[in-house]
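Architecture and fold: a report
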2 protein chains.
Amino acid sequence: VLAGERLDPPPIWIMRQAGRYLPEYRALRARARNFLDFCYAPALASEAALQPLRRFGFDAAILFSDILTIPDALGRKVQFDNGGGPRLAPLIDEPRWRFDEPERAVQRLAPVYEAVERTRSALDNDLTLIGFAGAPWTIACYMLQGEGGEKDVARRAAYERANDIDLLLTVLAETIAQHLALQVQFGADCLQIFESWAQGLPNALFERLVVTPTKQITGRLRSLGVTAPVIGFPRAATETQLALYARETGVTALSLDTAADPRTLQKRLGLPLQGNLDPQLLTIGGAALQNGVRETLAAFSAGPHIFNLGHGITPDADPENVAAMVRYVKGA
Amino acid sequence: VLAGERLDPPPIWIMRQAGRYLPEYRALRARARNFLDFCYAPALASEAALQPLRRFGFDAAILFSDILTIPDALGRKVQFDNGGGPRLAPLIDEPRWRFDEPERAVQRLAPVYEAVERTRSALDNDLTLIGFAGAPWTIACYMLQGEGGEKDVARRAAYERANDIDLLLTVLAETIAQHLALQVQFGADCLQIFESWAQGLPNALFERLVVTPTKQITGRLRSLGVTAPVIGFPRAATETQLALYARETGVTALSLDTAADPRTLQKRLGLPLQGNLDPQLLTIGGAALQNGVRETLAAFSAGPHIFNLGHGITPDADPENVAAMVRYVKGA
């Protein structure tokens, strides 16, 4: 599909398919002290990535890791509170910003590449392994603010400390490119870049903070000889911004969020698309789920499509509903 | 402008122009025990609405009130914690939903209409008074969840308790229509409907939860003989959804959020537009503000335009920057 071919039925995987909605994941997770330790334990991380494939007929596994391994590797300590979101020391409070070299950072991420290798070697040959990273702006938001939530602090910094922010994004783009290249080297077949916080940016900022750094990543990947396809996911970007992103960043395909209109965008973007069932339907199930799957399949039916959700599956989703979704897609 | 005429320079007002960034507002606010009491005190509310017009050359005042007066009037007690957001008893926890009659609810809002009357009578004849209300879905989200933030609970209810939700939206649409009609009767010249939580809805839900109830409001207003223009503000809706909203709801004009592209939408929507300077620029000021104003004016230059922000002004904005923005717009 990423080569531009349409398959019927479409291949399927779902964002956060390895995660808290699965009892076997919760049992596995209990074997590490904290979430980052879990990500850095190749045996645990690769087992987590494989669990949903054993249970459901997904066509791809995705590396089990977290987008915040990047700031962690750059020397910005990340803490995952139990229950709460991740926390970092907010960069915005510091007058001068210093980071370790990208080369040294990715050396620290050796356990991640070992997890890639283990996952790939345990996976059937006809199944795909997806590597991934957070996009520079999304990671920068966490680093600047120290936590998730409203992005006003980060957006203001983009105006007020423009040079610092552009330098930060360049450091992140280079580190992310090396990180993704190593994932491919260790066995990832394709890559996804998660821009979770593309939302609410004026066009000029979207171009500067999202499009330019993403283009740097794909350009750097190509210069490193990496030819693996790249799926971009600029969540909640406007249609105008998605069109710019599709045209300028060099990504192979786009993942669409829950609100995006596949019919409009298939025509407008001209790239293979992934998405975009409402994840709430995996909690609800029943006829609503069946209708949702049917509508999603129909909405993407005019072009190359990878079936997925519009956002990550939620912890309260029912695994039975996930199984039903896969049946509906495969039986279509 | 709302009659479809382009004015140069465009008229200007800004969302939350009466508010915490103004020292005179903070002093006035201290005279009421809590925020709802302040909204229900016509002398205080009308004074708050007039303050920004005395200081800046705005072309319109907007009623000083809150979108949560509607659930309050329907018998759902609303509390504004100091510093935190509003809180209500979450409707989602209750098996059966009961509300007071719309007619009785708007009777309770008599102090709001008195605030409209006082504001209008203190306002120069050539200045506009804008009445407003929250849209049904946005108010329903607060009522269902009891607070702001992630809208998953409300969206899930839209699938799982579809009949209850549709009935709630109908009650809200009727109450809001009567509320807006009374504002016009007491002196409002035009109206704005704030759909702050249009974001992240699949198209089918957007149509059901946003478009249909908004259409009910405008239809009811017309049947009540109200001819005042209505500005719709479905914040963070996609372009496809904005096009549907513009075509179906019967609103006169649309207000655009910070990320929306005025050039694309002026062509696509064919209605007068309002917006959409990034409110962060009113904290930052300087050349960034001047450039932002210039770009905003240019982006809307092909059609009828009301200058505004893409979102409400933030409490840390500098009044000097607001004055500079007005000068730039008026001098353009």
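Presented here is a report on the structure given in the accompanying data block. All values reported here derive from a predicted model rather than from experimental measurement. (Residues numbered from 1 in each chain as written. Chains lettered and ligands numbered in written order. Predicted model: local features only at pLDDT ≥ 70, side-chain atom pairs only at ≥ 80, totals over all residues. Heavy atoms only, no water.)

A closer look at the relation of the copies chain A and chain B
- Mapping chain A onto chain B calls for a rotation angle of 180 degrees and an axial translation of 0.0 Å; the resulting RMSD is 0.0 Å. On this basis, the relationship between the two copies can be described by a two-fold rotation axis.
- Most of the interface of chain A is mirrored in chain B, where 100% of its interface residues again form contacts. (Least-squares fit on C-alpha atoms with pLDDT ≥ 70 in both. Contact = heavy atoms within 4.5 Å.)

Looking at the pattern of salt bridges
- Here the structure, examined in full by the defined rule, presents 40 salt bridges over all chains.
- The salt bridge partner of Arg156 of chain A is Asp316 of chain B, with a shortest N-O separation of 2.8 Å. Note that Arg156 of chain A is positioned in helix α8 (residues 152-160) and Asp316 of chain B in the loop between β9 (305-309) and α15 (319-331), a pairing that runs across two chains.
- When its relative accessible area of 17% is taken as the criterion, Arg156 of chain A is described as buried.
- When its relative accessible area of 40% is taken as the criterion, Asp316 of chain B is described as partly exposed. (Salt bridge = Lys/Arg side-chain N within 4 Å of Asp/Glu carboxyl O. Helix = DSSP H or I, 4+ residues; strand = E, 2+ residues; numbered from the N terminus. Buried < 20%, exposed > 50% of the residue type's maximum accessible area, 1.4 Å probe, protein only.)

Looking at the interface of chain A and chain B
- Taken residue by residue, the interface counts 28 residues in chain A and 29 residues in chain B.
- Of the roughly 2400 Å² buried where chain A meets chain B, counting both sides, 46% is carbon and sulfur surface.
- Counting every contact that joins chain A to chain B gives six salt bridges.
- For the pair chain A and chain B, the number of links is 19 residue pairs in polar contact (both at pLDDT 80 or more). (Buried area = accessible area lost by both parts, 1.4 Å probe. Polar contact = N/O pair within 3.5 Å; in protein donor to acceptor, adjacent residues only side chain to side chain.)

Observations concerning the side chain of Thr240 of chain A
- In this structure, Thr240 of chain A sits in helix α11 (residues 239-248).
- A polar atom in the side chain of Thr240 of chain A sits 2.6 Å from the side chain of Glu239 of chain B.
- Setting aside residues up to four positions removed in sequence, Thr240 of chain A forms contacts with Asn203 and Arg268 of chain A together with Glu239, Asp261 and Thr264 of chain B.

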